[in-house]
Amino acid sequence: MKIVYSVVAPIYNELENLPELYRRVKAVMDSNGEAWELVLVDDGSTDGSTEKIRELAQNDSRVRPVIFARNFGHQIAITAGWDYARGDAIVIIDADLQDPPEVILDLAKKWKEGYEVVYAVRAEREGESWFKKFTASMFYRIIYRITDVKIPVDTGDFRLMDRKVVDVLKQMRERHRFPRGMSAWVGFRQVGVEYKRAVRFAGETKYPLNKMLLLALNAITSFSYFPLQVATYFGFVSAGLAILAIPVVIYLRMEGSPQFTGQATTLIAVLFLGGVQLISLGILGEYIGRLYDEAKGRPLYIVREAPKEE
Ligand code: UDP
Ligand code: MG
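Residues numbered from 1 in each chain as written. Chains lettered and ligands numbered in written order. Predicted model: local features only at pLDDT ≥ 70, side-chain atom pairs only at ≥ 80, totals over all residues. Heavy atoms only, no water.

Caption draft 1: Representation of the overall build of the protein within the structure. Within the protein, the secondary structure is distributed over ten helices and eight strands. In the protein, the proportion of contacts linking residues at least 24 apart, taken out of those at least 6 apart, comes to 83%. Surface exposure of the protein reaches about 16,500 Å², of which carbon and sulfur atoms provide 62%. Computed over 40 positive and 39 negative side-chain charges, the inter-centroid distance for the protein is 2 Å. (Helix = DSSP H or I, 4+ residues; strand = E, 2+ residues; numbered from the N terminus. Contact = heavy atoms within 4.5 Å. Areas by Shrake-Rupley, 256 points an atom, 1.4 Å probe, with all protein chains shown as cover. Lys, Arg positive; Asp, Glu negative; His and termini not counted. Charge placed at Lys NZ, Arg CZ, Asp CG, Glu CD.)

If you want it as structure tokens, here you go:
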């Protein structure tokens, strides 16, 4: 039977969530009536999720396990989902049930109306700390301002995409990736659907602050040269100030003003400019490192067990 919906969930140590995820996805997708599959991408779990995924797949052939050789990260797991999904519509969903599977039907409705990317917008976030909400909100807004693509705010990876879109995304093999930016970049007819983000069903977040910062860095460097340009702006501003200062200093020296004999001013200027230069070098380094990673051309992920083709 032709598969209409591929539901893709990245899994990193989600043992307690897996049975509930399967149960709810199955209930929702069965009620919908069209053929579906559930692609579970195991991103190097160490808590027994791998065995659980195999077990689910054994009992239901609609569950397709893709098992990584190690942890490659959420974004790469989503990419593998795109690669292995066979449906006409591909839905990316978190495994912790923060994205309620029932919302898939709302997304599907918009897809049937002809939209090719239907992203779920977090109208409300339940049970998350104000710190997470605040940093997430800042994250979306900063990204929106400085990247060249208009990435919808308050939108995660939970979305439905048409086969056409996913076929384009599959060709984009960049290493440091930001899937929600990529899916905005491709264009097509896009629409948002609001939903209430639930609390994690079980377990802990796999996104500590350092991973969030890395994600933000990927988002910015993948879609913007802004950090590189900042160095140029700084250069112009400080050079401009220096040029303005020359006649002022000459004038004051001729007047015999005593303030211009100390070293403190010089020291501050040297330290400030030294700092700016080091930061600029660091930013250059970020981009060069990314270029180097791309140049190596390694595979994005390594699969230990791929789903059986039928
Ligand atoms: N995840 C993954 N690899 C990782 C980290 C997370 O596949 O290295 C998965 C995780 O299992 C979950 C989804 O990505 O299905 C979102 O992670 P999480 O719920 O921890 O993030 P949060 O909702 O707290 O931002
Ligand atoms: Mg979560």
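Caption draft 2: Quick look at unusual backbone geometry. Positioned with a positive phi, Leu97 is a non-glycine residue whose angle comes to about 65°. When its relative accessible area of 2% is taken as the criterion, Leu97 is described as buried. Of note in this structure, Phe188 is not a glycine but carries a positive phi near 70°. Relative to the assigned elements, Phe188 resides in the loop between helix 7 (179–185) and strand 7 (190–197). (Buried < 20%, exposed > 50% of the residue type's maximum accessible area, 1.4 Å probe, protein only.)

Caption draft 3: Here's a closer look at the nonpolar core. Ranked by size, the top nonpolar core spans 41 residues in total, and within it Val41, Phe68, Trp82, Leu169, Phe178 and Tyr301 carry the most contacts. For this core, the element with the highest residue contribution is helix 3 (residues 74–84), accounting for six residues. When residues no more than four places from it in sequence are discounted, the contact partners of Val41 are Val8, Ala9, Pro10, Ile11, Val66, Phe68, Ala77, Ala80 and Gly81. (Core = buried A, V, L, I, M, F, W, Y, C linked by side-chain atoms within 4.5 Å.)

Caption draft 4: Main features of helix 3. Among the eleven residues of helix 3, eleven are classified as buried, and the element is accordingly described as predominantly covered. Inspection of helix 3 places His74, Gln75, Ile76, Ala77, Ile78, Thr79, Ala80, Gly81, Trp82, Asp83 and Tyr84 among the buried residues, and these make up the whole buried set.

Caption draft 5: Inspection of the coordination of the magnesium ion (ligand 2) at higher detail. Looking at the magnesium ion (ligand 2), the protein donor atoms are Asp96 (OD) and Gln98 (OE1), and they sit 1.9 to 2.0 Å from it. A single burial state applies to Asp96 and to Gln98, both of which are buried. (Donors = N, O, S within 2.8 Å, 3.2 Å for Na, K, Ca; no water.)

Caption draft 6: A look at the sheet that holds strand 8 (residues 303–305). Spatial strand order, 7-5-6-4-1-2-3-8: eight strands in an open sheet with mixed pairing. Unpaired on one side and paired on the other, strand 7 and strand 8 mark the two borders of the sheet. Put simply, the sheet's adjacent strands are angled 25° from each other on average, direction ignored. Direction of pairing for strand 3 (residues 63–68) relative to strand 8: antiparallel, over a ladder of two bridges. Note on strand 8: the bridge partner recorded for Ile67 is Glu305. Packing against the sheet, helix 1 (residues 18–32) makes contact with strand 1 (5–11), strand 2 (36–42) and strand 3, and its axis sits at approximately 160° to strand 2. Helix 5 (residues 130–146) contacts strand 5 (117–125) and strand 6 (155–162) of the sheet and is inclined by roughly 140° relative to strand 5. (Pairing = 2+ DSSP bridges. Axes fitted to C-alpha atoms, helices over the stretch in contact; angles between N-to-C directions.)

Read these as geometric descriptors, not functional statements.
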